[in-house]
Every structure is written in C-alpha cells, then in structure tokens.
Amino acid sequence: MPWKPDDLARRLDDVVAVYGEAMGYRAELLEARRGYIATHVRRPGFRAVATLTRDGHLVGFGYGYTSAGGQWWHDQVRGALDDENRKAWLTDCFEVVELHVRPPAQGHGVGARQLRTLLSMAAGRTALLSTPEADERTSRAWRLYRRFEFVDVLRDFRFPGDERAFAVLGRTLPLAG
Ligand SMILES: CC(C)(COP(=O)(O)OP(=O)(O)OC[C@H]1O[C@@H](n2cnc3c(N)ncnc32)[C@H](O)[C@@H]1OP(=O)(O)O)[C@@H](O)C(=O)NCCC(=O)NCCS
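If you're wondering where the values come from, they're calculated on a predicted model, not measured in any experiment.

A few words now on the pairing of strand β3 (residues 58-66). A regular strand carries its side chains on alternate faces of the sheet. Of all nine residues that make up β3, eight are buried, and the element is covered over most of its length. Relative to β3, strand β2 (residues 47-52) is paired through six bridges, and the arrangement is antiparallel. Its bridge partner lying in β3, A48 is registered against Y63. Between the antiparallel neighbours β2 and β3 lie five residues, among them G56 with a positive phi of about 90°. Both β3 and strand β4 (residues 93-101) contribute to a ladder of seven bridges, which runs antiparallel. If you follow F61 over to β4, its bridge partner there is H100.

This is the structure we're talking about:
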C-alpha cells in the first residue's frame, strides 16, 4: 500500500529494523541511516510503499524521491556520467532509494509488488537505483531489477566511504501496463 511521508516517519523504528534485517547491517550503521531516512521523507517527489501483515507488522517497504543536484547520491552519479548520459538519466529522474523485504518474507512476490507500486506512483521520465554488485543470476535484487527491465547505467562504481562496488541501474518511466 502507498505510504505518505508521515506514515513512514511514524514507523521509523520498524522501517530501520526491516532495513537492518534485510541488509544484515549492524546497529551502529543503522543509527546513522535512521537520521538520513528521517530527512528523506521531506524531499520533493517523495513516494513510499509498505507491506503490512493483517495485524499491522511491517514486512517490507520502499521509497524514493525526485533526484536533484545537491543530493549526495545524485552528485556522485552525475560526476561519473558523461554529458549525454547525464542528460538522458538525470534530467527528470526518480531515485529508488530503498527497497527491502524482511528475510522470512522474501521470495513471495512482495518486493516485486512494492517496486511496481512505487514506480507507478513515481514522477519523472526515468528511475535510477544503486545496488551492490552481485551475481545477476543468483541475486534476488538483481533478478528483480532485470525483470523490471532496469539496464546498466554504471557498473563497478565506488561511492566515497564504501569499499563495495555498486551498479547504478535505470529504466524509463512510466511502467508499461
Ligand atoms: C531484493 C528484495 C527487495 C526483493 O524482494 P522479494 O520479496 O524477495 O522479491 P520477490 O519475491 O518479488 O521476487 C523474488 C522471487 O519471487 C518470485 N515471485 C514473484 N512473485 C511471486 C509470487 N506471487 N509467489 C511466489 N513467488 C513469486 C519471483 O519470481 C522471484 O524469484 P527469484 O528470486 O527466484 O528471481 C528482497 O529480497 C530484499 O529485501 N533483499 C535484501 C535487501 C536488498 O538486497 N535490497 C535491495 C538492495 S538495493
């Protein structure tokens, strides 16, 4: 179901818990992330989606917003693209910032439903996201993004302060069908 900014802000503890479980991150890292997420809900073009159990427990969530200069992620990606790709991908772009499902609930279509809902609400001509490099055939996240026809925008990209390699993937909007 779609979530308003305040819905997410109210359930920030649960959101951070699902995020931590899905990504396997430690508590110290999550504290910093919590602060970022709290500011993200106020960004222009913010859209969010949540999946709840019947009794209201959070199973998964996703959110994004309009990608714009001055945002850290946008500026990193912009700096790595040539003029043509900058124009094509970043002019009117929705960034899918987070998409997570609690591990016990993964593999049952929740992530796909969340991504579909999020992209169908998104404003913009393109959608971009970043994801850690992984085996495209076995990684659940990669398979999901490929099913949604995301293509390579950057590969083996290093964001400052993170030693992992990331891919930046993109697709045009709107979603067909
Ligand atoms: C990536 C992630 C969001 C995907 O969510 P998910 O709910 O596991 O994904 P889905 O269930 O929609 O798709 C996964 C599988 O379910 C299958 N599926 C889709 N609809 C289904 C349905 N109705 N019933 C059963 N299976 C279904 C898909 O075919 C897919 O199979 P595959 O993984 O073998 O390719 C989730 O696994 C996750 O949070 N992972 C850890 C965090 C992460 O990597 N986040 C993204 C980082 S950028």
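It is worth spelling out the environment of S120 at this point. Relative to the assigned elements, S120 resides in helix α6 (residues 110-121). As a C-alpha pair, S120 and W72 span 48 residues in sequence and 25 Å in three-dimensional space.

Next up on the list: the pairing of strand β5 (residues 126-132). Burial within β5 is extensive, with five of its seven residues counted as buried. Bridge analysis of β4 against β5 gives three bridges, and the strand direction is parallel. Residue F94 lies in a different strand from β5, and its bridge partner there is A127. Each parallel crossover has a hand, and for β4 linked through α6 to β5 it is right-handed.

Now for the UniProt feature "domain: N-acetyltransferase" (unreviewed entry) in the protein. As recorded in UniProt, the feature "domain: N-acetyltransferase" (unreviewed entry) lies at residues 1-174. From the first C-alpha to the last, residues 1-174 spans 19 Å; its make-up is 40% helix and 27% strand.

Applying the stated criterion across every chain yields a total of 16 salt bridges. Between D7 and R10 there is a salt bridge, with its nearest N and O atoms 2.8 Å apart. Here R10 and D7 lie together in helix α1 (residues 5-10), a separation of three residues that amounts to about one turn. In this structure, D152 and R155 form a salt bridge, with 3.2 Å as the shortest nitrogen-oxygen distance. D152 gets classed as partly exposed once you look at its relative accessible area, which sits at 37%. A residue is classified by how much of its surface remains accessible, and R155, at 33% relative accessible area, is partly exposed. One network of salt bridges, in which partners are shared, links E133, E136, R146, D152 and R155.

About the criteria used
Residues numbered from 1 in each chain as written. Predicted model: local features only at pLDDT ≥ 70, side-chain atom pairs only at ≥ 80, totals over all residues. Heavy atoms only, no water. Buried < 20%, exposed > 50% of the residue type's maximum accessible area, 1.4 Å probe, protein only. Helix = DSSP H or I, 4+ residues; strand = E, 2+ residues; numbered from the N terminus. Pairing = 2+ DSSP bridges. Right-handed = clockwise from strand over helix to strand, strands pointing away. UniProt positions renumbered as here; feature names shortened; annotations may be inferred. Salt bridge = Lys/Arg side-chain N within 4 Å of Asp/Glu carboxyl O.

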